Amino acid sequence: MTTTQAAPSAPGTTAPAPAPGGRPALPLTTRLAALTRSGLVQAVLTVAAVAWLVPTVGLLVSSLRPKQVAATGGWWTALTDPAQLTLQNYTALLGGGDVPKALWNTVLISVPATLLTVALAAGAGYAFAWMRFPGRDAVFLGVVGLLVVPVQVGLIPVAKLEGAVGLFGTIPGVVLFHVGYGLPFAVFLMRNHFLEIPAELLEAARMDGCGEWRIFRTLALPLAAPAVASLCIFQFLWVWNDMLVALIFAGNDSQPLTVYLQSQMRQFGSNMDILAPGAFLSLLVPVGVFLCFQRFFIQGAMAGSVK
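Reading the values: rules and limits
Residues numbered from 1 in each chain as written. Predicted model: local features only at pLDDT ≥ 70, side-chain atom pairs only at ≥ 80, totals over all residues. Heavy atoms only, no water. Axes fitted to C-alpha atoms, helices over the stretch in contact; angles between N-to-C directions. Helix = DSSP H or I, 4+ residues; strand = E, 2+ residues; numbered from the N terminus. Parallel < 35°, antiparallel > 145°, perpendicular 65-115°, else oblique. Left-handed = near helix turned anticlockwise from the far one by under 90°. Contact = heavy atoms within 4.5 Å. Nonpolar A, V, L, I, M, F, W, Y, C, P; charged D, E, K, R; others polar. 1 Å grid on protein atoms, 1.4 Å probe; cavity = no way out; pocket = protein on both sides within 12 Å on 5 of 7 lines; lining within 4 Å. Points joined across faces, edges and corners; volume = space filled by probe spheres on them.

### Thoughts on the packing of helix α8 (residues 171-194) against helix α11 (residues 225-241)
At a minimum axis separation of 11 Å, α8 and α11 run at an interaxial angle of 160°. Considered as vectors, α8 and α11 are oriented roughly antiparallel to each other. Handedness of the α8/α11 crossing: right-handed. Along its contact with α8, which presents His178, Tyr181, Gly182, Phe185, Ala186, Leu189, Met190 and His193, the element α11 presents Ala227, Val228, Ser230, Leu231, Phe234, Gln235, Trp238 and Val239. Residues of the contact of α8 with α11, tallied by class, amount to eleven nonpolar, five polar and no charged.

### Side note on the layout of surface pockets
Volume-wise, the largest pocket comes out at about 270 Å³. Considering the residues around the largest pocket, the lining is formed by 14 residues, among which Leu147, Tyr181, Gly182, Pro184 and Phe185 are closest to the centre. Those elements that place two or more of their residues in the lining of the largest pocket are α8 and α11. Looking at which element gives the most residues to the lining of the largest pocket, the answer is α8, with six residues. Per-class residue counts for the lining of the largest pocket are eleven nonpolar, three polar and no charged. A volume near 200 Å³ is recorded for the second largest pocket. In terms of lining residues, the second largest pocket is bounded by Trp52, Leu53, Thr56, Phe280, Leu283, Leu284 and Val287. Those elements giving two or more residues to the lining of the second largest pocket turn out to be α2 (39-63) and α14 (272-305). Considering every element that reaches the lining of the second largest pocket, the biggest residue donor is α14, with four residues. Residues that form the lining of the second largest pocket fall into these classes: six nonpolar, one polar and no charged.

As far as function goes, none of this settles anything; it's purely spatial.
Okay, structure coming up:
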């Protein structure tokens, strides 16, 4: 009687644990993927997605209903009587007044705050990842420690500082606050992504005579495009949807759309012909940005979240 000896596994590999019945167990990711393809799970996810979209659909329908009709019933009545829907609210809202100015102020705050944060974080992240200088690790730990500092803690001190230099109540003052509080997370994300670049690739560039600036500009930054895109989405969505910082630091001439809608709610609580279309306009821009760049968002978030 002879026995067959199993071949030894390659060094550094581990054979999958046998499942009951003698068959090797499937990886966890494979089992989860198979689970999500089941009909029951897809039905539950579909119901959850529809329930999640109901408030957005209600806001859209409410923004298309005239003020006289909105006072007579809920937005769901338009589903059986679509003739009541009109663009009159949007025409009146964008035709003049304070809404176009508030929308433009939101753009003037969000775009510079996003670009400055990404540019500074990319340079600092590369420096923390691949450049040697005294106190590098200590400075990086200090930057990471700022992640736990709530925004509310810095409102009064920064407001006093900006008031002393004449920036309080202006758009640059709001932009600088967003940049300062967005940098810790941005630097952490970019540094982790830059660390994933093979060191041999950078050494080869240095041997070819490239300086650090050229390596960063022509090699590291293009490789970090997914992380840069995801960071742009993070920062833009946070700044665009912010109301607390703008409510304190923006003046009457520099208030964004979120602050304007809040002031309208305080003065005219039932003025749905202004609140509903204004809120939907405020929602439409970040949703469009996310849908356009969601592929880069997922790639960059997954690549820079861990090391």
